[in-house]
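Notes for the structure review
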Amino acid sequence: MKLTEELRRQLRVTVDYTNMTDKYLGDKGISQKTLDAHKKLAKEAHAYVTANRGKDELFMGWTELPYNQAEVVADILETAKLVRRKFEAFVVLGIGGSALGPTMAFNALCHLHYNDLSKSMRRGPRFYVEDNVDPVRMKELLDVIDVKKTCFNVISKSGATSETMTQYLIIADLLKKAGVDVKENVIFTTDASRGNLVKISKELGGVKSFVLGDGVGGRFSELSPVGLLPAAVLGIDIKALLKGAAYMDKLCKPSDFRKNPALMCATLQYISMQNGKNIGVMMPYSDNLHYLSDWYAQLWAESLGKNVTLDGTPCNVGQTPVKALGVTDQHSQVQLYTEGPYDKVVTFLSVGSYKYKSPIPNGCESIPDVSFLGGHTMEELIQAENKATAFALTKAGRLNYTINVPEINAFTLGELLFLFELQTAYAGAMLRIDTFNQPGVEAGKKATFALLGKPGYAEQKKALDAAESDPEYIV
Ligand code: PA5
């Protein structure tokens, strides 16, 4: 992708918060006075994030990913070329931040029925992300791949996640049984020196591995090898992805929220949360952005859902992310958004130009209720429905804003990822929490270790056994 300054401007993602303001929502909206009252807090959050950029010890290494990976990108592109040549399928084994990003980029930038395309149309291996330990899912994956002709990208920062390590044990066993040298069919993405994948690599005599840097947590890792390798294997322009992220980073340099899209989104969400808007709906009007909502849900939920501030004061903060798809969920959830409790902020992702327009043919001339559709395009229809839904919500006094995506490509996806990552970092700073830890997730991981008999967890096992369901309360 040749990115001139003019093209960058045309591809600029913007935030339209008209429908958050009291000018359009009356007393349900946010006034300029309220916004101005949060100017100082927003500036402080911006200063905090800016001052801590790149600090591994604060898990803020992700801010530098658009700039510091030239060598890694070259290695990824070389590796991806080999994988594309050698393998029929590419399977990501990972969970949470190690899986949601690859799924999201695949969905956003590849054909929506990629795996069903012929080999010549696909031009790369079939692609799967296995982010669960549902035994049925694993068994049925094995029905559609030939392990000997499959590359498994095992992604785990800690190398200790039971789900991912279980999947690894299964495929390593199958590869061995098939007479394959395991290290030929696996690629690890993990910590530089810690964790079980590092040990396994040594045991196997060296596995091709990519490093997930110290300062990059799972949910902020899509622009690291976690996301870049699968994307490159799919033929996605990963350099454009990083350039899009860098462009959004540049757009978010100002400390004035009226000039910084991520800071404005964070401030609007912060004010909304303080006013009891505990639910944040992400509603892309695009099937290609469907899984962006899943990726965002983890980023927003795991980062902001905390019970203590940085200075140790107890709190219970966060906003529950809800995933919706336009127009599909207009016929399912929008009734609730329009008339239910005033507890939500709806974020629309609107696309300026779709890859295809899909003209609607004329027909049914004797039935005006149908024939009016003819002569339009499906693009016009989906855009009209997007606009109509935002209008209806605004009329009903419901907070909503729109992120305009001129078109969906690697550059604009990079912009979106960085917009949401910065928004999350700013919002966490406003809430004065540790945005980058996940003690709640770790607690569940440890309880699983205990239940399955991992050494060192005997005490926790006793507590878990004592917490068995009480038959008195089972009906
Ligand atoms: O965002 C996070 O840090 C988590 O969701 C992790 O990505 C997830 O728990 C998987 O952890 P790991 O990469 O260590 O296997």
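Each chain has its residues counted from 1, running along the sequence as written. The predicted nature of this model means local features are confined to residues of pLDDT at least 70 and side-chain atom pairs, given and counted, to a pLDDT of 80 or more, with totals for whole chains, interfaces and linings taken over all residues. As a convention, hydrogens and water are excluded, and side-chain values are obtained from all of the structure's heavy atoms.

Put simply, DSSP marks the helices as runs of H or I at least four residues long and the strands as runs of E at least two long, and each gets a number from the N terminus on. Within the chain, the secondary structure is distributed over 21 helices and 12 strands. Atoms considered for the radius of gyration are the C-alpha atoms alone. The globule rule reads 2.2 Å times the number of residues to the power 0.38. Against the compact-globule benchmark of 23 Å for 475 residues, the chain has a radius of gyration of 24 Å, which places it among compact chains. A principal-axis box enclosing the C-alpha atoms of the chain has dimensions of 65 × 60 × 60 Å. Between buried and exposed lies partly exposed: a residue is buried under 20% and exposed over 50% of the maximum accessible area for its type, with that area taken using a 1.4 Å probe on protein chains only. Considering the chain as a whole, with its 475 residues, one finds that 51% of them fall into the buried category. Contact definition: two residues touch when any of their heavy atoms are within 4.5 Å. Excluding contacts between residues fewer than 6 apart, the proportion of contacts in the chain whose partners are at least 24 apart in sequence is 75%. Here the Shrake-Rupley method, with its probe set to 1.4 Å, supplies the accessible areas, and only the displayed protein chains count as covering residues. Carbon together with sulfur atoms contributes 56% to the accessible area of the chain, which is approximately 22200 Å² in total. Positive charges come from Lys and Arg, negative ones from Asp and Glu, while His and the chain ends are left out of the count. Charged side chains are reduced to one point each, which is NZ for Lys, CZ for Arg, CG for Asp and CD for Glu. Charged side chains of the chain number 54 positive and 54 negative; the gap between the two group centres comes to 5 Å.

All right, on to the side chain of Glu-379 then. Within the fold, Glu-379 resides in helix H18 (residues 378-395). Relative accessible area serves as the criterion here: at 12%, Glu-379 is assigned to the buried category. Contacts described as polar in this section are N or O atom pairs within 3.5 Å, which, within protein, must combine one atom able to donate a hydrogen with one able to accept it, while residues neighboring in sequence count only if both atoms come from side chains. Of the polar contacts made by the side chain of Glu-379, one reaches the side chain of Lys-357; its length is 2.9 Å. Beyond its immediate chain neighbours, meaning those up to four positions away, Glu-379 contacts Gly-352, Ser-353, Tyr-354 and Lys-357.

So, on to the nonpolar core. Here, nonpolar core refers to any group of buried Ala, Val, Leu, Ile, Met, Phe, Trp, Tyr and Cys residues whose side-chain atoms link them within 4.5 Å. Grouped together as the largest cluster of nonpolar side chains are 113 residues, with contacts concentrated most on Trp-62, Met-283, Leu-292, Trp-295, Ile-403 and Phe-420. With 15 residues, the top contributor of residues to this core is helix H19 (residues 410-431). Here this core spans two domains, and each of domain 1 (5-53 + 241-431) and domain 2 (62-238) adds at least three residues to it. Once residues lying within four places of it in the same chain are set aside, the contact partners of Phe-420 are Met-282, Leu-292, Trp-295, Tyr-296, Leu-299, Leu-349 and Ile-403. Grouped together as the second largest cluster of nonpolar side chains are 22 residues, Val-91, Leu-93, Ile-145 and Val-186 included. For the purposes of this description, domain bounds are those given by an automatic or database domain assignment.

The next thing to look at is the pairing of strand E11 (residues 344-353). Of all the 10 residues making up E11, 8 are buried; the element is thus mostly covered by neighbouring parts of the structure. Where strand E7 (residues 279-284) meets E11, 6 bridges bridge the pair, whose relative direction is parallel. Residue pairing in the sheet places Met-282 in a bridge with Thr-347 of E11. One requirement defines pairing of two strands: DSSP has to find at least two bridges between them. Two elements, E11 and strand E12 (residues 400-407), share 7 bridges in a ladder whose sense is parallel. In the sheet register, Val-351 faces E12, and the bridge partner there is Val-405.

A few words now on the sheet that holds E7. Ordered in space as E1-E12-E11-E7-E10, the 5 strands form an open sheet in which the pairing is mixed. The open sheet has two edge strands with one neighbour each: strand E1 (14-16) and strand E10 (320-323). Looking at each pair of strands side by side, their axes are set apart by 25° on average, direction ignored. Pairing between E1 and E12: 3 bridges, direction antiparallel. Bridging across to E12, Asp-16 finds its partner in Thr-402. To get an axis, a line is fitted to the C-alpha atoms, and for a helix only the part in contact is used. The angle between two axes follows their N-to-C directions and goes from 0 to 180 degrees. Here helix H14 (residues 261-274) sits on the sheet and contacts E1, E11 and E12; the angle it forms with E11, its principal contact strand, is near 155°. Lying on the sheet, H18 is in contact with E11 and E12; it crosses E11 at an angle near 155°.

Let us look at the domain arrangement of the chain. Domain parsing of the chain yields domain 1 (5-53 + 241-431) and domain 2 (62-238). On a C-alpha basis, the centroid separation for the pair domain 1 and domain 2 is 30 Å. Taken together, the two surfaces of domain 1 and domain 2 that pack against each other cover about 2600 Å², and 67% of this comes from carbon and sulfur. When the buried area of domain 1 at its contact with domain 2 is split by residue, Leu-241, Leu-242 and Asn-288 rank highest and sum to 25% of it. We count a salt bridge whenever a side-chain nitrogen from Lys or Arg sits within 4 Å of a carboxyl oxygen from Asp or Glu. Across the contact surface, domain 1 and domain 2 share 2 salt bridges. Once two parts are brought into contact, the accessible area they lose, counted with a 1.4 Å probe and summed over both, makes up the buried area.

What follows is about the environment of Asp-311. Position of Asp-311 among the secondary structure elements: in the loop between strand E8 (306-308) and strand E9 (314-317). Within the local environment of Asp-311, its side chain forms a polar contact with the side chain of Thr-309, the two groups lying 2.6 Å apart. A polar atom in the side chain of Asp-311 sits 2.7 Å from the side chain of Thr-313.

One heavy atom within 4 Å of a molecule or strand makes the whole residue count as near it. Close to the ligand lie 14 residues; Ser-156, Lys-157, Ser-158, Thr-161 and Gln-298 are nearest. A distance of 2.6 Å separates an oxygen atom of the ligand from a polar atom in the side chain of Gln-298. In this structure, Glu-302 approaches the ligand through a side-chain N or O atom, which is 3.0 Å from an oxygen atom. With the chains in place, 92% of the 380 Å² that the ligand exposes on its own is no longer accessible.

Glancing now at the pattern of salt bridges. As enumerated under the stated definition, the model contains 26 salt bridges in all. Between Glu-302 and Arg-219 there is a salt bridge, with its nearest N and O atoms 3.0 Å apart. Of this pair, Glu-302 sits in helix H15 (residues 290-304) while Arg-219 sits in the loop between strand E6 (209-211) and helix H12 (225-233); the two residues are 83 residues apart in sequence, bridging distant segments of the chain. A salt bridge links Lys-357 to Glu-379, with the nearest nitrogen and oxygen atoms 2.9 Å apart. Here the residue Lys-357 occupies a position in the loop between E11 and helix H17 (368-371), and Glu-379 occupies one in helix H18, the gap between them amounting to 22 residues. Note on Lys-357: relative accessible area 33%, which makes it partly exposed. By sharing partners, the salt bridges in this structure join Arg-53, Glu-64, Asp-249 and Lys-253 into a single network.

Taken together, the side chains of Tyr-48, Leu-58 and Leu-310 define a hydrophobic patch exposed on the protein surface, amounting to about 260 Å² of accessible area. The residue Leu-58 is located in the loop between helix H4 (39-51) and helix H5 (70-86) in this model. With a relative accessible area of 32%, Leu-58 lands in the partly exposed category. Residues forming no salt bridge and having over 30% relative accessible area are the ones grouped into patches, like charges within 9 Å of each other and nonpolar side chains (Val, Leu, Ile, Met, Phe, Trp, Tyr) within 5 Å.

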